[in-house]
Amino acid sequence: MTVEQLKAYELIEKREIGELNSTGYYLKHRKTGAKVCLLSNEDNNKVFYIGFRTPAPDDTGVPHILEHSVLCGSREFPVKDPFVELAKGSLNTFLNAMTYPDKTVYPVASCNDRDFQNLIHVYMDAVFYPNIYEKEEIFRQEGWHYELESEDGPLTLNGVVYNEMKGAFSSPEGVLEREILNSLYPDTTYANESGGDPEAIPDLKYSEFLDFHSRYYHPSNSYIFLYGDCDMAEKLCWLDENYLSKYDCLPVDSQVRTQKPFEKTREVVREYSVSEEEGTEDKTYLSYNKSVGDTMDKKLYLGFQVLEYVLLSMPGAPLKQALLDAEIGKDIMSSYDNGVKQPIFSIIAKEANEDQKEAFVEVIETTLQRLVKEGLDVKALRAGINYFEFRYREADFGTYPAGLMYGLQAFDSWLYDDNSVFLHLEALDTFAFLKEQADKGYFEGLIRTYLLENPHASIVIIRPKKGLTAEQEELLGKRLKEYKESLGKEQIAELIAFTKHLKEYQSEPSSQEDLEKIPLLEREDIGKEALPFQNEVHLVEDVKVVHHDLFTNGIGYINLMFQAGEIPKRLVPYLGLLKAVLGNVDTEHYTYGEFATELNLHTGGIFCGVNSYESLKEPGSYQAMFEVRCKALYEELPKAFSMMEEMLLTSKLRDRKRLTEVSAETRSRLQMVFMTSGHSMAALRAVSYFSESSCFSDETGGVAFYEFMEKVETELKENWEEIAENLEELTRCLFRRENLTISYTAEEKSLKAMKEQVKALIPALHQEPVPKESWTLHALQKNEGLKTSSQIQYVARAGSFRAAGLPYTGALAVLRTIMSYDYLWNNVRVKGGAYGCMNNYTRNGSAYMMSYRDPNLEKTNRVFEESVGYTESFEVSDRDMTKYIIGTISNLDTPLNPNAKGARSMGAWLMGLDYEMVQRERAQVLSCECEDIRALAPYLRAMLSQNNLCVIGNEKRLEEQKELFETVRNLFH
Ligand SMILES: [Zn+2]
């Protein structure tokens, strides 16, 4: 049967989408009006989603709480956490659910046909028949509830989403992003917080929550998407017969309304919390925001992306430079958000002061006026267009399935117009239009119409306040106390009983019978072969070129890797600085703006990085590398090499102004990483207490590097020549032929020409004699508590099992899955209230566990310690063990794009990891039994007995737990 022959659906549109190698179908389910989009093609990584238009009615976060709750059991799959069961035991390549300001989406992806069908089944059942009507406990657990242990105990608030949003609201960037959206669209759904404002979440009633589900989670309000190489007609039949046909058509008013344009700019001021010692100077965020037309305008949709990049993001971008020159803010950020009905263009000055508001607006507007009058740099515009077109054609989405990204992008038009699902997926004609318009005043016209002459705007300011977090906590405590005092004896008794009941409900596992309803593959369904490595070593003179022969669709991925093992030791942290500076200062032939333009016109860009590769053959030894990556079409490889050479050898590092600007931006962005992903920084730091290669990574990109950058920023004021000289010396010691190894990912046919380029590069590299130093970084246990203004913690424990003489085994990968979705999940997340928990065991013998956005500290640390006991007595059924094995393989087999495959092969080559080793590990995973897991208890004991602890988080909490650490200090100064 073909899609066209299906009786239950009406085919509205069918079209070939050449750019995506796909046939697109748009259909409507006849009985309910459910909207269906198909992208049929040869991609084996299949994607499905069902989404609903869910305008938030208020700030209670009802769409978000519902998103969590429907995944807590349904009619056919009544287990408490089907989502976790699927994460443990499916071959999914993506599994999640997302709440947006106007929609909620449930996507799954898999390369395995049976697995794909299982995932679709569980998700369809979850959204249409969730157990939320029978079990109020689900709403209470995921949303919010009161907790009262005893009559004279304190009354508190808890809930998964409640805690998650408390975390989200503690980052100033998070607050800013929300306020910008709310400020521009006060009369629409965008004025409300779909994720939930922690202050408003407790206003949500159970009945309102249920009403929201019955109103919006209906086929008539649904959007169904299928992508990839699968039998689409069969899937559509199944969806109709099992779910859609059970419903009638229901008119659902979920329209996203359009905001009437403002007559004048709105102003909003909000506060965020900073720690006592941080101070409030240079800590304000200023933002300038404009509502830009309608997301259904296809040219505007791409045109403004290009404009934002050229004005503010590309090195040398004129508007960013004007703000930096005026010393307004230390970091200028910008965004163009076209995932809402009326897109938003924003300019943000970070680390500014409130009294600079007028100057901020003035600089933006006069610069824009000047640019309109003088005209934008046409070459820069063409470079900007090329930048986006390269990415569009390359379609490299990292580890995300391509189909997911296309499916989500389809929503940018589909959600607002039923019949426009393919609008933004086909982009080549728009790129052609923009290129042709680059010198015809089109972009200047956009600036005039949507920025200069557009009163639909807002200025949002987020200013620091000392101790705001503590103040809010106190206020909440007072309110809860008052509420408790207002209750009668009977109500108090009810609350105590409910608290007890919910705890019991949460700790009672799902029955075996229910667990077995979740469909599961068999061990035989899993491929036995590990993904091969592609490494072929060539020599160009004495330089090794490691070629990874892969289909790359005409793109060559080059990585020039320079050994940093013999540079002077004092220059090690400068590697991290150099990475930020290169490409951001002038060179012999170009200003840094011209350099970026030239680069974007001809290539996919240059990216610098610092990495360490620990040897598996010689434990403890590692290669420290400074890497320069570039991607370009084969015919542009000569240009790519000449640009890399220009950057490496002629960059003008004696530029105090640029060094100052780049350093401030680097430090400021790193600070954001600490606030939003402090878990990986804390883990790296904890591993650096005993591993020298991690010490190197910390010095060039972690806590030690952050401290170095703070020092650099101060020194640039007094002693800038020394910094510049150190950078120059570093380039002389680093960019030499004897340090160079090249990784090249591309088809064989491009190799010969590429080698010619290498041949030309080699004699140009530094040759003058330089002193060579051999050094070691001394890993030293420090056990630090690093204080920030955050409301939550990132807790990391680490250790080395190699130090205890224990070898790596594939069973550790299975242990990781078990810990992630059972032990740590239940104790750190479900019971502890942390948003996430991770653990990892590396081939070079390091182990670590960490928590993410964690309200606890010592409790989590104790959970980590008790993992030994859990592992020692680990016992599950065969079926459960199979589940963990499938989940583990799913991790190992994440589909990779060609660039990532090449990098994986290169990493293996550098570390001495051969195919036999990964194949042996895979066999160990596939044959893993309970006793193999129990045999890992000594690994955890070894790791934990070394007691390496690093925590980044709330200042008050860290002070209270001082005795756990050797030092407790501020992370930022
Ligand atoms: Zn959530």
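Structure: see above.
Residues numbered from 1 in each chain as written. Predicted model: local features only at pLDDT ≥ 70, side-chain atom pairs only at ≥ 80, totals over all residues. Heavy atoms only, no water.

Quick look at the sheet that holds strand E12 (residues 284-291)
(1) Moving on: Overall, mixed pairing links the 5 strands, which are arranged E11-E15-E12-E14-E13 in an open sheet. Edge positions in the open sheet fall to strand E11 (266-274) and strand E13 (331-337), since each of these has one partner strand only. For this sheet, the mean inter-axis angle between neighbouring strands, taken without regard to orientation, is 15°.
(2) Moving on: Pairing between E12 and strand E15 (residues 457-466): 6 bridges, direction antiparallel. (Pairing = 2+ DSSP bridges. Helix = DSSP H or I, 4+ residues; strand = E, 2+ residues; numbered from the N terminus. Axes fitted to C-alpha atoms, helices over the stretch in contact; angles between N-to-C directions.)

Quick look at the coordination of the zinc ion
(1) Moving on: Binding of the zinc ion to the protein goes through His64 (NE2), His68 (NE2), Glu164 (OE) and Glu164 (OE), at separations of 2.1 to 2.6 Å.
(2) Moving on: Each of the 4 donor atoms bound to the zinc ion contributes to angles spanning 53 to 151°, and the resulting shape is irregular.
(3) Moving on: One chain supplies every donor for the zinc ion, spaced along it as H-x3-H-x95-E. One end of the pair is histidine 64 and the other is histidine 68, both in helix H1 (residues 62-69) and 4 residues apart, which spans about a single turn. This pair shows no difference in class: histidine 64 is buried, exactly as histidine 68 is. (Donors = N, O, S within 2.8 Å, 3.2 Å for Na, K, Ca; no water. Tetrahedral: all angles 85-135°; square planar, octahedral: opposite > 155°, others 65-115°. Buried < 20%, exposed > 50% of the residue type's maximum accessible area, 1.4 Å probe, protein only.)

Focus: the pattern of salt bridges
When charged atoms on two side chains of opposite charge get close, those side chains can pair.
(1) Moving on: Across all of its chains, the model carries 69 salt bridges by this definition.
(2) Moving on: For the salt bridge of lysine 330 with aspartate 282, the shortest nitrogen-to-oxygen distance reads 3.2 Å. Separated by 48 residues along the polypeptide, lysine 330 in the loop between helix H10 (318-325) and E13 and aspartate 282 in the loop between E11 and E12 bring together distant segments of the chain.
(3) Moving on: A salt bridge links glutamate 784 to arginine 969; the nearest nitrogen and oxygen atoms lie 2.4 Å apart. Separated by 185 residues along the polypeptide, glutamate 784 in strand E22 (residues 784-788) and arginine 969 in strand E27 (residues 967-970) bring together distant segments of the chain.
(4) Moving on: Look at glutamate 784 and you get buried, because its relative accessible area is 2%. (Salt bridge = Lys/Arg side-chain N within 4 Å of Asp/Glu carboxyl O.)

Overview of the sheet that holds strand E16 (residues 536-540)
(1) Moving on: Pairing within the open sheet is mixed, and its 6 strands lie in the order E16-E17-E21-E18-E20-E19. Among the strands making up the open sheet, the edge pair consists of E16 and strand E19 (606-614). Neighbouring strand axes in the sheet, compared pairwise and without regard to direction, differ in orientation by 25° on average.
(2) Moving on: Of the pairings in the sheet, the one linking strand E17 (residues 543-549) to strand E21 (residues 740-746) comprises 6 bridges and is parallel in character. Within the sheet, the bridge partner assigned to histidine 548 lies in E21 and is threonine 745.
(3) Moving on: In this fold helix H12 (residues 378-394) packs onto strand E18 (555-563), E19 and strand E20 (622-633), with an angle of close to 100° to the strand it touches most, E20. (Contact = heavy atoms within 4.5 Å.)

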